[in-house]
Amino acid sequence: MSLRVGVVGAGNMGADHIRTLHHFVNGARVQAVADVELDRAEAALASIDGGHDGWATADPAGLIADPRVDAVVIASSDATHAEFIAAAVRAGKPVLCEKPLAPTLDAVLALRATVGADAALVSLGFMRRFDPGYAQLKAAIEAGAVGRPLLLHCVSRGVSSAPGTTTESSVTNSLVHELDVVPWLLSSPVVQVSWQAPSVTACTDGGFRDPQLVLLRTADGVLTSCETFQNAGYGYDIRCEVVGETGTVSLTEPARVIADGTGRRSVEYAADWRPRFAEAYRLELQAWVDEIRVDRVGRAQSAVLARLMDGARAAAIADAVIESFHHDGRPTDVKLLEDIR
């Protein structure tokens, strides 16, 4: 039987998960959609051929508790993630939550304590682990294709920031992808960070610093530069280069069409993250569904899916970055979760 999935949150990310689950993931169907705006939940459900026998609701807690829902995807606002994760765990249901687990490290640690021994029910949406380009980078590093890694250069640029974005929220909501994928690529934890930014630009207000440059040092001695620029304007652009002792390996911008004309060759950038990482999201959801269905007959966990502790480690790095920001870029050690009580 298909896994009956309830989706909490029907905004851009939730609606995209609903379409992906319905059209491109085997072994699952969207059973229910919850959003604080009922009209939005109903529209998202109606967009998939009327939603079959599913239903829409403005009550996320009710959806999570409903026995007709087997598993839950959370794509609501960041501040609600911990509450809904805890509710799903109490109901004994597997949950895949969009990052972050919670907006602050303290809230993440409180969630970890609440979840306790049931942490295996929680997966986190660090989808870059499933992107074919990042997967090839990791394979190249592990195969020694460029020798011992020395430097990583990561760039994440967007067209424009969401209303109300702050320096801190851009770290916990956007830069956090690098804070997960860098230690994942290197198989080494981040131990120290430092934050920098150029002069204030005209495209932001309210004290939001954009772009930002963050340096990460992992335990293996590799240094990573992370540029995050949410108001770059020209398109959604993700880059990553690994510099090793014997060569380099880097992502290429996915492009299906190249245009030639008027003396130039060009490719188009995606407008946001959804088309750029569409395949990564599909592979992530498929791995999550497969894991749950296999677990019904025998435990088998995906080696790539991010877990609650991965989200907690990323939150600890983000906390250190924000501390560095508030102390004029001072190098800041990352708190070891094992030492936090």
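Our structure is the block above this text.
Below is a short write-up of the structure. (Residues numbered from 1 in each chain as written. Predicted model: local features only at pLDDT ≥ 70, side-chain atom pairs only at ≥ 80, totals over all residues. Heavy atoms only, no water.)

1. Here we look at unusual backbone geometry
Now for step 1: In this chain, K99 is followed by P100 through a cis amide linkage whose omega measures -5°.
Now for step 2: With respect to the element layout, P100 can be found in the loop between β5 (95-97) and α5 (105-115).
Now for step 3: At the junction of D210 and P211, the peptide bond is cis and its omega measures out at 5° in the coordinates.
Now for step 4: Within the secondary structure layout, P211 lies in the loop between β8 (190-196) and β9 (212-218).
Now for step 5: Of note in this structure, S187 is not a glycine but carries a positive phi near 55°.
Now for step 6: You can see S187 is positioned in the loop between α7 (167-186) and β8.
Now for step 7: With relative accessibility at 57%, the residue S187 sits in the exposed group. (Helix = DSSP H or I, 4+ residues; strand = E, 2+ residues; numbered from the N terminus. Buried < 20%, exposed > 50% of the residue type's maximum accessible area, 1.4 Å probe, protein only.)

2. Some words on the side chain of E227
Now for step 1: If you trace the backbone, E227 turns up in strand β10 (residues 223-229).
Now for step 2: Judged by relative accessible area, which is 18%, E227 ranks as buried.
Now for step 3: Within the structure, E227 has its side chain in polar contact with the side chain of R157 (distance 2.6 Å).
Now for step 4: Dropping the residues within four chain positions of it, E227 is found in contact with C154, V155, S156, R157, Q212 and L213. (Polar contact = N/O pair within 3.5 Å; in protein donor to acceptor, adjacent residues only side chain to side chain. Contact = heavy atoms within 4.5 Å.)

3. Let's talk about the pattern of salt bridges
Between side chains of opposite charge, a pair can form when the charged atoms approach closely.
Now for step 1: Enumeration according to the criterion identifies 21 salt bridges in this entry.
Now for step 2: For the salt bridge of D35 with R40, the shortest nitrogen-to-oxygen distance reads 3.1 Å.
Now for step 3: Judged by its relative accessible area of 4%, D35 is buried.
Now for step 4: Residue R330 is joined to E323 by a salt bridge in which the shortest nitrogen-to-oxygen separation is 3.6 Å. (Salt bridge = Lys/Arg side-chain N within 4 Å of Asp/Glu carboxyl O.)

4. So, the layout of surface pockets
Now for step 1: Estimated volume of the largest pocket: approximately 1300 Å³.
Now for step 2: Of all the elements in the fold, those that place two or more residues in the lining of the largest pocket are α1 (12-24), α4 (81-90), β7 (149-157), α7 and β10.
Now for step 3: In terms of residue count, α7 provides more of the lining of the largest pocket than any other element does, 5 residues in total. (1 Å grid on protein atoms, 1.4 Å probe; cavity = no way out; pocket = protein on both sides within 12 Å on 5 of 7 lines; lining within 4 Å. Points joined across faces, edges and corners; volume = space filled by probe spheres on them.)

5. Brief notes about the side chain of H17
Now for step 1: Relative to the helices and strands, H17 is located in helix α1.
Now for step 2: Of the residues examined, H17 reaches a relative accessible area of 2% and is grouped as buried.
Now for step 3: One polar contact links H17 to E98, side chain to side chain, over a distance of 2.8 Å.
Now for step 4: Contact partners of H17, with chain neighbours within four places excluded, come to V73, A75, E98, Y281 and L285.

6. What to know about the sheet that holds β7
Now for step 1: Taken together, the 7 strands give an open sheet; going across it, the order is β12-β11-β7-β10-β9-β8-β16, and neighbouring strands pair in mixed fashion. Only two strands of the sheet have a single partner each, and these edge strands are β12 (248-250) and β16 (332-333).
Now for step 2: Sheet topology note: the strand β11 (residues 237-244)/β12 ladder contains 3 bridges and is antiparallel. What sits directly across from V243, in β12, is T248.
Now for step 3: Of the strands in this sheet, β7, β11 and β12 are in contact with helix α6 (residues 132-142), which crosses β11 at around 5°.
Now for step 4: In this fold α7 packs onto β7, β8, β9, β10 and β11, with an angle of close to 35° to the strand it touches most, β9. (Pairing = 2+ DSSP bridges. Axes fitted to C-alpha atoms, helices over the stretch in contact; angles between N-to-C directions.)

7. What about the packing of aromatic side chains?
Now for step 1: Under the criterion given, the structure shown has 3 aromatic pairs.
Now for step 2: For the pair Y234 and Y269, a centre-to-centre distance of 5.2 Å together with 70° between the ring planes defines the contact as edge-to-face. Remark: Y269 occurs in the loop between β14 (264-266) and α8 (273-276) and Y234 occurs in the loop between β10 and β11; sequence separation between them is 35 residues.
Now for step 3: Its end group placed over the ring of F277, R276 keeps NZ or CZ at 4.4 Å from the ring centre. (Phe/Tyr/Trp six-rings, centres within 6.5 Å; stacked < 30°, edge-to-face > 60°. Lys NZ or Arg CZ within 6 Å of the ring centre and 35° of its normal.)

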